[in-house]
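Here is what each chain is made of, one letter per residue.
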Amino acid sequence: QVQLVESGGGLVQPGGSLRLSCAASGREFINYAMDWYRQGSGKQRELVATITSGGITNYADSVKGRFTISRDNAKNTLYLQMNSLKPEDTAVYYCKAGFLGGTWWGKGTLVTVSP
């Protein structure tokens, strides 16, 4: 069983920055494929960014050049650095872990981008 706890959300003005963190339990974090998803009000959950166990990253077109996903395997922690935030980035952000056919989700952290 993998437990994921997101943090770092909050209220930020357009153009601002936030860094989200996702702390993971388990000894196998280094082998997990990790993702960030988000779900805006009334919208479907969408994939924002991914990072493989080998550090290969991929991003949704809507966040390319603004968001950076990274991981610190020594700290069992996933990050999402979000810059140049826009009101349309407002959502609950979730991290997801994948390993050996299993998937686990955190409970999410709310990001609100508003003047």
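Our subject is the structure listed above.
In what follows, the accompanying structure is described. (Residues numbered from 1 in each chain as written. Predicted model: local features only at pLDDT ≥ 70, side-chain atom pairs only at ≥ 80, totals over all residues. Heavy atoms only, no water.)

Remarks on the state of the cysteines
So, point 1. Scanning all chains against the criterion turns up one disulfide.
So, point 2. Here Cys22 engages in a disulfide with Cys95; their sulfurs sit 2.0 Å apart. Around the S-S axis, the bridge from Cys22 to Cys95 shows a dihedral of about 55° and counts as right-handed. You can see Cys22 sitting in strand β3 (residues 18–24) and its partner Cys95 sitting in strand β9 (residues 91–99), a full 73 residues away along the chain. Across this residue pair, the class does not change: Cys22 and Cys95 are buried. (Disulfide = S-S within 2.5 Å. Helix = DSSP H or I, 4+ residues; strand = E, 2+ residues; numbered from the N terminus. Buried < 20%, exposed > 50% of the residue type's maximum accessible area, 1.4 Å probe, protein only.)

Examining the pairing of strand β1 (residues 4–7)
Every regular strand shows the same layout, with side chains that alternate between the two sheet faces.
So, point 1. Here β1 shows a buried face lined by Leu4 and Glu6 and an unburied face lined by Val5 and Ser7.
So, point 2. Where β1 meets β3, four bridges bridge the pair, whose relative direction is antiparallel. Pairing of Val5 across the sheet is with Ala23, part of β3. (Pairing = 2+ DSSP bridges.)

Focus on the nonpolar core
Generally speaking, soluble globular proteins have nonpolar side chains that are buried together.
So, point 1. Leu4, Met34, Trp36, Leu80, Met82 and Tyr93 are the most contacted members of the largest nonpolar core, which totals 29 residues.
So, point 2. For this core, the secondary structure elements donating two or more residues are β3, β4 (33–39), β5 (46–51), β7 (67–72), β8 (77–82), β9 and β11 (109–113). (Core = buried A, V, L, I, M, F, W, Y, C linked by side-chain atoms within 4.5 Å.)

Things to note about the packing of aromatic side chains
Between two aromatic rings, the relevant description is the distance of the centres plus the angle of the planes.
So, point 1. Under the counting rule described, the total for this entry stands at four aromatic pairs.
So, point 2. An aromatic cluster is present here, built from Phe29, Tyr32 and Phe99 joined pairwise through their rings.
So, point 3. In this structure, Arg45 packs its charged tip against the face of Tyr94, placed 3.8 Å from the ring centre.
So, point 4. Its guanidinium or amino end placed over the ring of Phe29, Arg71 lies 4.7 Å from that ring's centre, counting from NZ or CZ. (Phe/Tyr/Trp six-rings, centres within 6.5 Å; stacked < 30°, edge-to-face > 60°. Lys NZ or Arg CZ within 6 Å of the ring centre and 35° of its normal.)

Comments concerning the pattern of salt bridges
So, point 1. Under the defined criterion, the tally for this structure stands at five salt bridges.
So, point 2. Put simply, Asp35 and Lys96 hold a salt bridge, and the shortest N to O gap is 3.4 Å. Of this pair, Asp35 sits in strand β4 while Lys96 sits in strand β9, and the two are 61 residues apart along the sequence.
So, point 3. Taking relative accessible area as the criterion, Asp35 reaches 11% and is therefore assigned buried.
So, point 4. On the basis of relative accessible area, Lys96 is assigned to the buried category, the value being 14%.
So, point 5. In this structure, Arg38 engages Asp89 in a salt bridge whose closest nitrogen and oxygen atoms are separated by 2.9 Å. Of this pair, Arg38 sits in strand β4 while Asp89 sits in the loop between β8 and β9, placing them 51 residues apart in sequence.
So, point 6. By relative accessible area, Arg38 is classed as buried at 6%. (Salt bridge = Lys/Arg side-chain N within 4 Å of Asp/Glu carboxyl O.)

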